[in-house]
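The residues making up each chain are set out below.
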Amino acid sequence: MKKWCLVFFSAVLVMMSFLPAASTFASETKRINVIILFKKHVDEKAVEQLQGKVYQRFDVIPALSANVPLASMDLLRQLPGVEYIQQDETVTIDGQVVGWGITKTKATGMHVRGVTGKGVKIAILDTGIDTNHPDLHVSGGACMLSYCPNAYNDDNGHGTHVAGIIAAKNNHIGVLGVAPEASIYAVKVLDRFGEGTISTVLAGIEWAIQNHMDIINLSFAASEGSPVLKEAIDKAYQKGILVVAAAGNNGNEKGTGDTVEYPAKYDSAIAVAAINNQNVRVAYSATGPAVEVAAPGENIYSTVPVACDLDGNPDGYTWMAGTSMAAPFVSGILALYKQQYPNKTNVELRQMLRANAMDLGTPGKDDWYGYGLVQAEQNKPLQLKVKLQSNAAGVVNFSVTPLADSIQGYNVYRDGKQIKKLQSSSSFTDYVLKGTYRYQFSSVYSDGTESALSNPITVTLSEPDYKDLTNGIWYTPHIVYLFSKGIVTGYNNGTIKPNDFVTRAEAVTMLGRALHLDSTKRSTVFKDVGSANSASGYIQSAYERGLVNGFPDGTFRPQQPITRAETAMLLAKAYQLPSASSITFKDVTDKVTGHAEIYKMAAANITKGYPDGTFRPYQLVKRLELFVFIARAENDIFK
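Computed from a predicted structure; not experimentally measured.

For the rest of this paragraph, the subject is the overall build of the protein. Looking only at helices and strands, the protein has 17 helices and 23 strands in total. Computed over the C-alpha atoms, the radius of gyration of the protein is 34 Å, more than 25% above the 26 Å expected from 2.2 N^0.38 for a compact globule of 639 residues. Its C-alpha atoms give the protein principal-axis dimensions of about 115 × 60 × 50 Å. Relative to its full complement of 639 residues, the protein shows a buried share of 54%. Accessible surface, the protein: about 27900 Å² in total, of which carbon and sulfur atoms supply 49%. Charge separation in the protein, taken as the distance between the mean sites of 59 positive and 59 negative side-chain charges, equals 9 Å.

What follows is the structure, encoded as C-alpha cells:
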C-alpha cells in the first residue's frame with residue numbers, strides 16, 4: 001500500500017511539473033464542475049494540486065465533486081487512482097403534461113386491511129416537499145443544493161405533487177396517497193426551476209443510504225448515463241434499498257426504439273412507464289427493455305404548494321402527468337408490500353412487484369409496459385370455503401375450509417378492517433355489538449403471501465346494545481361473550497358501566513350465573529344478606545359450594561367493593577385452578593391473604609399483573625376487569 005502511494009505521489013509531481021504557474025492557470029483557463037470517481041480511495045490533495053476546488057466528498061462511493069480547470073482534465077484522468085471523470089451535468093424533472101390511479105392499482109383494497117405503508121421510510125429526491133401542506137406529513141429531509149434558503153421546502157411544486165401521490169393523508173380532504181401512513185422524507189436535489197446536478201443527486205442518494213431509507217423515489221431523468229450515478233444507485237440497492245425511477249417522457253407516438261432515460265435505465269433501478277385510465281401507454285412514455293412496470297401517469301391529481309398552484313383554483317391541488325407521476329405510484333405500492341412483509345429483501349419485494357403486475361400489451365414482459373400495471377393486491381386465488389353457520393346474541397360463527405395444501409391459515413376482515421390474523425381453526429367466531437357487518441376472508445399461503453379477499457358476507461345482529469361500548473374497545477368481545485352466555489345483562493338504561501367498581505354481591509352473582517348456581521332468593525347464613533336481597537340465592541349457593549366464607553363478624557358486606565386479592569380467591573375456587581409456584585409478583589408475599597390463589601390465577605393466564613411486576617392485591621376491581629377475568633376463565637380464546 002505504501003509503495004502504491006509513493007508511485008501515485010511521484011506521478012502527480014511529474015504531471016505538476018508540466019503545468020503553468022498557478023496564477024496564469026487560474027486567470028487564463030476555463031473551469032468546469034466535475035465528478036471524479038476513484039478506484040479505491042478519494043485523493044482530495046491530488047485534485048487540489050491540479051488547481052481543483054473540492055466541493056463535496058462522498059462517503060458511500062469513492063468520489064468527489066469539484067471545480068477544476070478545463071486544461072487539467074486529461075491530467076486528472078491519468079492519475080493512477082482515478083477510475084472515471086465526468087462533467088457534473090444537469091438533471092431535470094421530466095416535462096409535465098398538464099386521480100383515478102389509486103383505484104387502478106387497487107391500493108384502497110389494502111388500506112381497508114390496515115396496510116397503509118406505516119413504518120416504511122421513503123426518500124423523495126426531488127424539488128423538496130411543502131412541509132406546511134395540510135394533506136402531507138414530512139418526517140424529515142435535507143437540502144443538497146448549495147443555496148437552501150428554505151431548507152428542504154418545495155419552491156417548484158413537482159416534489160410535493162410526487163409526495164402526495166405516495167403519501168397524502170387519509171383525512172377526508174384533498175387526495176389520498178397510495179401509502180398514506182408511510183414516512184416520507186424531502187431530499188431536495190432540484191432547485192425551483194426543477195434542475196439539479198449529478199452531484200446533488202449523489203448527495204441525496206448518500207443521505208438516503210446513511211439514514212436507512214427503505215425506498216428512494218427518483219422522478220427525474222437525464223439523457224446521458226453517469227458511471228458515478230450508476231455506482232451510487234447500485235450501492236443503494238446493495239444496501240437493501242428499493243430504487244424507483246421515472247422511465248422518461250421522451251417516447252414517441254409509435255412506441256419504437258429504446259428511449260428510456262437515466263437513472264431508470266440502470267439495472268438497480270425500477271424503470272416505470274406511464275399509462276392512461278384506459279390502461280394504454282401514453283404517447284410520450286419512454287419505451288425499451290429497461291421498462292419494468294407501468295403505472296398511472298396521465299391527469300394525476302395531487303398536492304402542490306399553494307404558491308405553485310396555477311390551475312386557477314389555488315387550493316394546494318392540481319393535475320400533472322408524466323412518468324414522474326407514475327414512479328411514485330410504484331414507490332407507494334412497494335411501501336404497502338414492505339409493511340406487510342418487513343423481513344423480505346428488496347430483491348424479493350421487487351420480484352413480488354413483477355409477479356403481481358397486471359399484464360398489458362404483448363403477453364409477458366414487453367418494452368411498453370414491462371411486466372404490466374402495478375397492483376397493490378396479491379393475484380393469488382382465495383382457495384377457502386367460508387360459510388355462515390349462525391348469528392345471534394352478539395355471536396357470529398363461520399365454518400372455514402381450506403381448499404389447497406399450500407394454505408397455512410386465513411385472515412379475517414370486518415367492515416374492511418383486519419380483526420384476526422393467521423387463523424387455522426375450522427371455525428371462526430366473532431363477538432360484536434348490535435349492528436350490520438361485512439365479513440371477508442383471505443387465504444395465507446405457505447410463503448406468507450395473502451390472497452384476494454372473499455366476497456363479503458353481510459350479518460345483522462339485534463343485540464347486545466350498550467350505549468357505553470363500541471366494537472373498537474379491546475374488552476368489548478369479552479363482555480359480548482359473557483352476554484351471550486347470560487352471565488352479564490347490563491343496566492336498565494342501556495349501559496354496562498365498565499368503569500364502575502364491582503361489589504361483592506355483583507361478583508358472586510356473575511360467577512353464580514357462570515356456574516349455574518341456584519339463584520332462588522332465600523335466607524342466608526350471613527346476617528346482612530336477607531331473603532329480600534336480589535343476590536341472596538347466589539350468595540347462599542356460593543357459600544354452600546365453599547366459594548365464599550364472609551367476615552369473622554358474620555357479615556358478607558354485599559355492597560362493599562371487591563379487591564383484586566378477593567377476586568383471585570373467588571375465581572381460583574370457582575374454576576378449581578391448579579397450584580402454581582413459578583410466577584411471582586413483587587408485592588405478593590406469603591403474608592398476603594389469598595397469595596396462593598393469586599398465583600393460581602396468574603398461572604392460568606387469567607391475569608399477568610401490571611407492567612411494573614406488581615399485582616396490587618388490595619386495589620379495587622372495576623367491572624371491566626372482572627368481565628375480562630371471567631371470560632378468560634370460561635374460554636381460552638380470550639387468554
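Picking up after the structure, the text goes on.
So, on to the state of the cysteines. The final tally for this structure, using the stated rule, is one disulfide. In this model cysteine 143 forms its disulfide with cysteine 148; the gap between the sulfur atoms is 1.9 Å. Disulfide cysteine 143-cysteine 148: torsion about the S-S bond near -70 degrees, hence left-handed. Cysteine cysteine 308 remains unbridged, with the sulfur of cysteine 143 as its closest cysteine sulfur at 15 Å.

This part covers the confidence of the model for the protein. Per-residue confidence for the protein averages 90 on the pLDDT scale, and 94% of its residues sit at or above 70. Counting contacts from residues 1–28, a segment whose pLDDT is below 50, to residues more than four positions away or on other chains yields 28 contacts.

Moving on, we get to the pairing of strand β7 (residues 138–143). In regular strands, side chains alternate between the two faces of the sheet. By the bridge criterion, five bridges tie β7 to strand β8 (residues 183–188) in an arrangement that is parallel. Note that in β8 the partner of glycine 141 across the bridge is alanine 186. Once the chain exits β7 it traverses helix α7 (residues 158–167) before rejoining the sheet at β8, and the crossover so formed is left-handed.

Ordered in space as β17-β18-β21, the three strands form an open sheet in which the pairing is antiparallel. Two strands close off the open sheet at either side, each with one partner strand: β17 (384–392) and β21 (427–431). The average undirected angle you get between the axes of adjacent strands in this sheet is 20 degrees. One ladder, built from eight bridges, connects β17 with strand β18 (residues 395–402); its direction is antiparallel. Bridging across to β18, valine 386 finds its partner in valine 400.

Strands sit in the order β7-β8-β6-β10-β12-β13-β14 across an open sheet of seven strands; the sheet is parallel. The strands lining the two open edges of the sheet, one partner per strand, are β7 and β14 (291–296). Neighbour to neighbour, the strand axes of the sheet diverge by 25 degrees on average, direction disregarded. Running at roughly 155 degrees to strand β6 (residues 121–126), α7 makes contact with β6, β8 and β10 (215–218) of the sheet.

The rules behind the values
Counting restarts for each chain, with residues numbered from 1 along the sequence as it is written. Per-residue local features of the predicted model are confined to residues with pLDDT of at least 70, and side-chain atom pairs are confined, for both listing and counting, to 80 or more; whole-chain, interface and lining totals are unaffected and use all residues. Water and hydrogen atoms play no part in the side-chain values, which are based on all heavy atoms of the structure. Here a strand is any run of E in DSSP of at least two residues, a helix any run of H or I of at least four, and the numbering for each starts at the N terminus. Here the radius of gyration uses the C-alpha set of atoms, whereas the globule reference equals 2.2 Å times the residue count to the power 0.38. Note on classification: 1.4 Å probe, protein chains only; a residue is buried when its accessible area is under 20% of the maximum for its type, exposed when over 50%, partly exposed between these limits. Each accessible area value is a Shrake-Rupley result obtained with a 1.4 Å probe; residue values ignore everything except the protein chains displayed when judging cover. When charges are counted, Lys and Arg contribute as positive and Asp and Glu as negative, whereas His and the chain ends are disregarded. Where a charge lies is defined by one atom per residue type, namely NZ (Lys), CZ (Arg), CG (Asp) and CD (Glu). Note on terminology: disulfide denotes any pair of cysteine sulfur atoms within 2.5 Å. pLDDT is defined as a per-residue confidence score from the predictor, taking values between 0 and 100. Residue contacts follow a heavy-atom distance rule, with two residues in contact if any of their heavy atoms lie within 4.5 Å. When DSSP locates at least two bridges between a pair of strands, those strands are taken to pair. Whether a crossover is right-handed comes down to one check: with the strands pointing away from the viewer, does the path from the first strand over the helix to the second run clockwise; if it does, it is right-handed. Axis definition: a line fitted to C-alpha atoms, limited for helices to the stretch in contact. Angles are taken between N-to-C directions and run from 0 to 180 degrees.

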